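# Per-entry structural report
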Amino acid sequence: MVDVTEKEMDNPTFRSDTVLSDVHLHCPSKRHLMVRLNAVGQPVFLSYFKFLWNTEDLASEKHVEEVTTGREHQYGSGDELCDKDRNNLKKGRELNSEGVEALLDDDGDLEVVRRPRSASDLEAEDLLRDIVCPVILMKGREDAFEDEEQECTCSNVVKIEHTMATPLEDVGKQVWRAAFLLADYILLKRDTFRCCSVLELGGGTGITSIIMGTVAKRVYCTDVGEDLLAMCKQNVALNKHLMEPGGGEVKVKELDWLKDEFCTDPEAPYSWSEEEIADLHDHCSVIMAADVFYDDDLTDALFRTLHRVTHNLRNSCTVYLALEKRLNFTLRHMDVTCEAYSHFRNNLNDLENLQDRKIKYTVEPIKADFCQFLVYERIEQL
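Residues numbered from 1 in each chain as written. Predicted model: local features only at pLDDT ≥ 70, side-chain atom pairs only at ≥ 80, totals over all residues. Heavy atoms only, no water.

### Overview of the environment of His343
- Position of His343 among the secondary structure elements: in helix H13 (residues 339–352).
- Sequence separation between His343 and Asp297 is 46 residues, and the spatial gap between their C-alpha atoms is 9.8 Å.
- Look past the residues within four positions of His343 in its chain and what remains in contact with it is Asp296, Thr299 and Asp300. (Helix = DSSP H or I, 4+ residues; strand = E, 2+ residues; numbered from the N terminus. Contact = heavy atoms within 4.5 Å.)

Rendered as structure tokens:
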């Protein structure tokens, strides 16, 4: 919802009350049914995000090696599987060039759905856009849960509880595309992350940490807010079966970028023990963060936290940052800009140019042209 107020005719002020992730917009054929209300009264949804092939196949060392090696040349086996999945999605979609008939809900209200593209529009494209089709279940509908268990085997989906259309301060409770992009990279480079100790900053719903947990030895998934961390912990429990074959572990912990110390209060539900802090400092070799660069103050705080944490690590560390460039028209510039991304780049440049005798930061971009392992819409702004 966007409210517009005008103090003067030539001085409009825009205020946005809610933010909605684009991931949730690409499911026109699905009804959004909640599973529960969270501690602050927000509706919580459960979505099934499909792997493009069975994770049991990914557990095979021979198969993983073939995929990894192929990507270094012409993206052979992985792209073939992605193309196959796109074709399956295309065949499974019902097309109606005349549009869709009006639907009424139980109260007689009109349900507005997205008009499907015509068949000619689809045929004009070489590849169908990848779409996310979350399956969302209603609490108390046992038959719905049974149907989904039959449709989705345990090894070909990741189950995520999340909210939709939240205030800006609660966007961590939604699912964002950059988290899928980073998850794709983890699955592509499984051997790189195997048996590592990993820290995720701003883990949100925990989907990236869960995927990392399928290959890494231990993942500390961190964020702030007891309600958000409880949701993240629930998602880790929902996907425990994905991590068990590799013996991975995901620990959900509080880490506030606006504070200089770890939370060690034994009364706090997601605090750190002294042993866990020591384990992080002694063994962490990977830090990651996805879609956390949307507020300048928080971006500054994250880079301060990143510098502080890496300064205390015993070993060298690689940091993986994934984000989506969000283009916005601003009245101040009277043009389409990407200010959050520009601020992120400035911080990244400052970190790389930092004069520090103890530690040196080197920045290297990674092209997002590798194969998808999860079904979502990958756009060029990722």
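Moving on from the coordinates now.
### Section: the packing of aromatic side chains
- According to the stated counting rule, one finds 12 aromatic pairs in the structure shown.
- Ring centres of Phe180 and Tyr376 lie 5.2 Å apart, and the angle between their planes is 20 degrees; this geometry places the pair in the stacked category. Linking Phe180 in helix H6 (residues 177–188) with Tyr376 in the segment after H13, this pair joins segments that are 196 residues apart in sequence. In this pair, the class of Phe180 matches that of Tyr376, namely buried.
- For the pair Phe293 and Phe344, a centre-to-centre distance of 4.4 Å together with 45 degrees between the ring planes defines the contact as tilted. Here Phe293, found in the loop between strand E11 (284–290) and helix H12 (296–311), pairs with Phe344, found in helix H13; they are 51 residues apart in sequence, far enough to count as distant. Comparing Phe293 with Phe344, the two get one shared label, buried.
- Three or more aromatic residues joined by ring pairs make a cluster, and in this case those are Tyr185, Phe193, Tyr320 and Phe370.
- The side chain of Arg378 reaches across the aromatic face of Phe370, ending 4.8 Å from its centre. (Phe/Tyr/Trp six-rings, centres within 6.5 Å; stacked < 30°, edge-to-face > 60°. Buried < 20%, exposed > 50% of the residue type's maximum accessible area, 1.4 Å probe, protein only. Lys NZ or Arg CZ within 6 Å of the ring centre and 35° of its normal.)

### Considerations on the sheet that holds strand E7 (residues 157–162)
- With respect to topology, 3 strands assemble into an open sheet ordered E3-E4-E7, the strand pairing being antiparallel. Strand pairing shows two members of the sheet lacking a second neighbour, strand E3 (36–37) and E7, which therefore form its edges.
- Note that E3 and strand E4 (residues 43–50) share 2 bridges and pair antiparallel. Across the sheet, the residue bridging to Leu37 is Pro43, located in E4.
- The strands that helix H9 (residues 226–238) touches are E4 and E7; relative to E7, the one it contacts most, it runs at about 160 degrees. (Pairing = 2+ DSSP bridges. Axes fitted to C-alpha atoms, helices over the stretch in contact; angles between N-to-C directions.)

### Overview of the pairing of strand E12 (residues 318–322)
- Note: E11 against E12, 5 bridges, orientation parallel. Within the sheet, the bridge partner assigned to Ala290 lies in E12 and is Ala322.
- What joins E11 to E12 is H12, and the crossover it makes is right-handed. (Right-handed = clockwise from strand over helix to strand, strands pointing away.)

### Notes on the nonpolar core
- Of all hydrophobic cores here, the largest spans 49 residues; its most connected members are Val158, Phe180, Ile186, Phe193, Val198, Met212 and Met288.
- Counting residues per element, this core draws most heavily on H6, which supplies 10 residues.
- Beyond its immediate sequence surroundings of up to four residues, Val198 is in contact with Met212, Ala216, Arg218, Val219, Tyr220, Cys284, Val286 and Met288.
- One finds Phe262, Leu302, Leu306 and Leu351 within the second-largest nonpolar core, a separate group that totals 26 residues. (Core = buried A, V, L, I, M, F, W, Y, C linked by side-chain atoms within 4.5 Å.)

### Side note on the sheet that holds strand E10 (residues 249–254)
- As summarised here, the arrangement of the 5 strands in space is E10-E9-E8-E11-E12, forming an open sheet in which the pairing is parallel. Where the open sheet ends on each side, the last strands, each with one partner, are E10 and E12. Looking at each pair of strands side by side, their axes are set apart by 20 degrees on average, direction ignored.
- Pairing analysis gives 4 bridges linking strand E8 (residues 197–200) to strand E9 (residues 218–223), with the strands arranged parallel. Within E9, the position partnered with Val198 by the bridge is Val219.

### Quick word on unusual backbone geometry
- If you check the backbone angles, Ala165 has positive phi at about 55 degrees while not being a glycine.
- Structurally, Ala165 can be placed in the loop between E7 and H6.
- When its relative accessible area of 39% is taken as the criterion, Ala165 is described as partly exposed.
- For Cys195, which is not glycine, the phi torsion reads 65 degrees and is therefore positive.
- Structurally, the position occupied by Cys195 is in the loop between helix H7 (190–193) and E8.
- A residue is classified by how much of its surface remains accessible, and Cys195, at 60% relative accessible area, is exposed.

### Things to note about the environment of Leu323
- Within the secondary structure, Leu323 is located in the loop between E12 and strand E13 (328–330).
- By relative accessible area, Leu323 is classed as buried at 13%.
- Linking Leu323 and Ala179, residues 144 residues apart in sequence, is a C-alpha distance of 8.1 Å.
- Look past the residues within four positions of Leu323 in its chain and what remains in contact with it is Ala178, Asp291, Phe293, Tyr341, Phe344, Gln381 and Leu382.

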